[in-house]
Amino acid sequence: MIEAQGPLSIATFFTECLLHPKYGYYTTRDPFGAQGDFTTAPEISQMYGEMLGLFLAQTWHDQGNVAAFNLVELGPGRGTLMADILRATRTIAGFHSALQLHLIEASPTLQALQAKTLSAFNPTWHTQLDTVPQGPLFLVANEFFDALPIRQFIRDGQQWRERCVTVTEGDLTYALTEAAPHATLADRLADTKQGDLVETCAPAQAIAQEIGGRITQHGGVALIVDYGNRRSLGDTLQSLRSHHRVPPLLHPGLADLTAHVDFEALAKASPSAHTRPTDQGVFLERLGITPRANQLVKSLQGSALTSHIAAHRRLTHPSEMGTLFKAMGLFPASAPPPPGLD
Ligand code: SAH
């Protein structure tokens, strides 16, 4: 592509690496767990999905036990999170009979894995949110937004040069476009200086706008959990292979690629009300992860007990995922704020 068309934007490179039909990272493999490249919160412990299930059920109840709604997950991975959410909500009267399950997943390989875990709930698969029918929306997205393609811009005076990917002597390298003004970055001239790098993610903003529009119109809630800051500043493009960070241009299609999520940009793009991004550890504690962990302890011993205690710590402790990951809720301004969030 570079030989034929010239340098690629980071966004095009990112999309080709993750989702190329034949060579894409997600299209061709199951990347999760000890054998894979990275481990996510739902894969660490069943308690994570249980807490998110309670979060959804409480919000559903607070909004009047909504009679019929779409339960949607963006990027469900192996389907573990949704399976735990559905197990944890089994005893909530009326919740299961009111829900229609919709899974948004671009990778055929992962769709097949999700079918194994979730077929009892008759899910419908989509590659984009827009084909999900209108109606009350209860949505979760765990480490989904970090997989959406970003563009990177470096400030040059009052203008911006875009970072792109080219080939130098057979290797992929970074290059910069000529400086140009960028209307969408006009507000970033106020909080950046010469040479600073900022990232934008138009697809993430479009999805937040769509979600917020549906929630405002029909009710519901969206819970977005990811790593990132209130506002993008600096290069956060990151590549993981076998649980180690590798240079992002080194293994196209063979390593995971992510970027930090700009929560402020998502909140701004959504027409709904939103909570503040809340530390994952605090959020899970407020929902009751410690009483749940203590309850599970009673049925565990030996190595299972040791790894259960380690999993609780990993999900909540500030030096592990507790503060790096944030949870943000989108909800209708007319409804009570969802539980556990600032
Ligand atoms: N939520 C899961 C998986 C996170 S990995 C977990 O926490 O374990 C990111 C997921 O999003 C994968 O399932 C990947 O295939 C999917 N994905 C990535 N980009 C996507 C896109 N543009 N559209 C739909 N799904 C996408």
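Note that this is a predicted model, so its numbers are computed, not measured.

Caption draft 1: Quick look at helix 2 (residues 10-19). Taken together, the buried positions of helix 2 are Ile 10, Ala 11, Phe 13, Phe 14, Cys 17 and Leu 18. Around the axis of helix 2, the buried residues are gathered within 160 degrees of arc, so they sit on the same side. In the core, the buried residues of helix 2 are packed alongside strand 1 (8-9), helix 3 (25-28), strand 6 (151-156), strand 7 (159-168), strand 8 (171-176) and strand 13 (256-258).

Caption draft 2: Broad picture of the site of the ligand. As a structural note, the neighbourhood of the ligand is formed by 18 residues, with Thr 40, Gly 75, Gly 77, Glu 105 and Asn 142 the closest of them. Between the ligand and the protein, one listed contact pairs an oxygen atom with a side-chain N or O atom of Thr 40 at 2.5 Å. Between the ligand and Asn 142 there is a distance of 2.7 Å, counted from an oxygen atom to a side-chain nitrogen or oxygen. Protein contact buries 94% of the 560 Å² of open area that the ligand shows by itself. For the shell around the ligand, the residue count by class is 10 nonpolar, five polar and three charged.

Caption draft 3: Focus on the pattern of salt bridges. One pass over the full model with this rule turns up 16 salt bridges. Across the pair Lys 193 and Asp 196 runs a salt bridge, and its minimum N-O distance is 3.3 Å. Each member of the salt-bridge network shares a partner with another, and the members are Glu 50, Asp 84, Arg 87 and Arg 292.

Caption draft 4: Summary view of the sheet that holds strand 12 (residues 244-246). Across the sheet, which stays open at both edges, the three strands sit in the order 12-11-13 with antiparallel pairing between neighbours. Because the sheet does not close on itself, it has two edges, and the strands there are strand 12 and strand 13. Pairwise comparison of adjacent strand axes, ignoring direction, gives a mean angle of 40 degrees for this sheet. As paired strands, strand 11 (residues 238-241) and strand 13 are joined by three bridges and run antiparallel to one another. Across the sheet, Leu 240 pairs through a bridge with Asp 256, a residue of strand 13.

Caption draft 5: Local environment of the nonpolar core. Ranked by internal contacts, the top residues of the largest apolar core, which has 46 residues, are Leu 74, Leu 139, Phe 145 and Ile 211. Sorting the residues of this core by element identifies helix 2, helix 3, strand 2 (69-74), strand 5 (137-142), helix 9 (202-218), strand 10 (220-229), helix 10 (263-269) and strand 17 (325-331) as the ones contributing at least two each. Aside from chain neighbours lying at most four places away, what touches Ile 211 is Leu 74, Leu 129, Leu 137, Leu 139, Phe 145, Ala 222 and Leu 330.

Caption draft 6: Region of the structure containing the environment of Leu 148. As for its placement among the helices and strands, Leu 148 is situated in the loop between strand 5 and strand 6. Taking the C-alpha atoms as reference points, Leu 148 and Thr 39, separated by 109 residues in sequence, lie 18 Å from one another. With sequence-adjacent residues up to four places away left out, Leu 148 is seen in contact with Phe 14, Cys 201, Pro 203, Ala 204 and Ile 207.

Caption draft 7: Examining the packing of helix 5 (residues 46-62) against helix 12 (residues 289-297) more closely. Taken N-terminus to C-terminus, the directions of helix 5 and helix 12 make an angle of 135 degrees; their axes are 11 Å apart at the nearest point. On the basis of their axis angle, the class for helix 5 and helix 12 is oblique. Note that helix 5 runs across helix 12; the crossing there is right-handed. Residues Gln 46, Met 47, Glu 50 and Met 51 of helix 5 pack against Ile 289, Arg 292, Ala 293 and Leu 296 of helix 12. Looking at the contact of helix 5 with helix 12 residue by residue, the class counts come to five nonpolar, one polar and two charged.

About the cut-offs
- Residues numbered from 1 in each chain as written.
- Predicted model: local features only at pLDDT ≥ 70, side-chain atom pairs only at ≥ 80, totals over all residues.
- Heavy atoms only, no water.
- Buried < 20%, exposed > 50% of the residue type's maximum accessible area, 1.4 Å probe, protein only.
- Helix = DSSP H or I, 4+ residues; strand = E, 2+ residues; numbered from the N terminus.
- Arc of directions from axis to C-beta.
- Contact = heavy atoms within 4.5 Å.
- Near = heavy atom within 4 Å.
- Polar contact = N/O pair within 3.5 Å; in protein donor to acceptor, adjacent residues only side chain to side chain.
- Areas by Shrake-Rupley, 256 points an atom, 1.4 Å probe, with all protein chains shown as cover.
- Nonpolar A, V, L, I, M, F, W, Y, C, P; charged D, E, K, R; others polar.
- Salt bridge = Lys/Arg side-chain N within 4 Å of Asp/Glu carboxyl O.
- Pairing = 2+ DSSP bridges.
- Axes fitted to C-alpha atoms, helices over the stretch in contact; angles between N-to-C directions.
- Core = buried A, V, L, I, M, F, W, Y, C linked by side-chain atoms within 4.5 Å.
- Parallel < 35°, antiparallel > 145°, perpendicular 65-115°, else oblique.
- Left-handed = near helix turned anticlockwise from the far one by under 90°.

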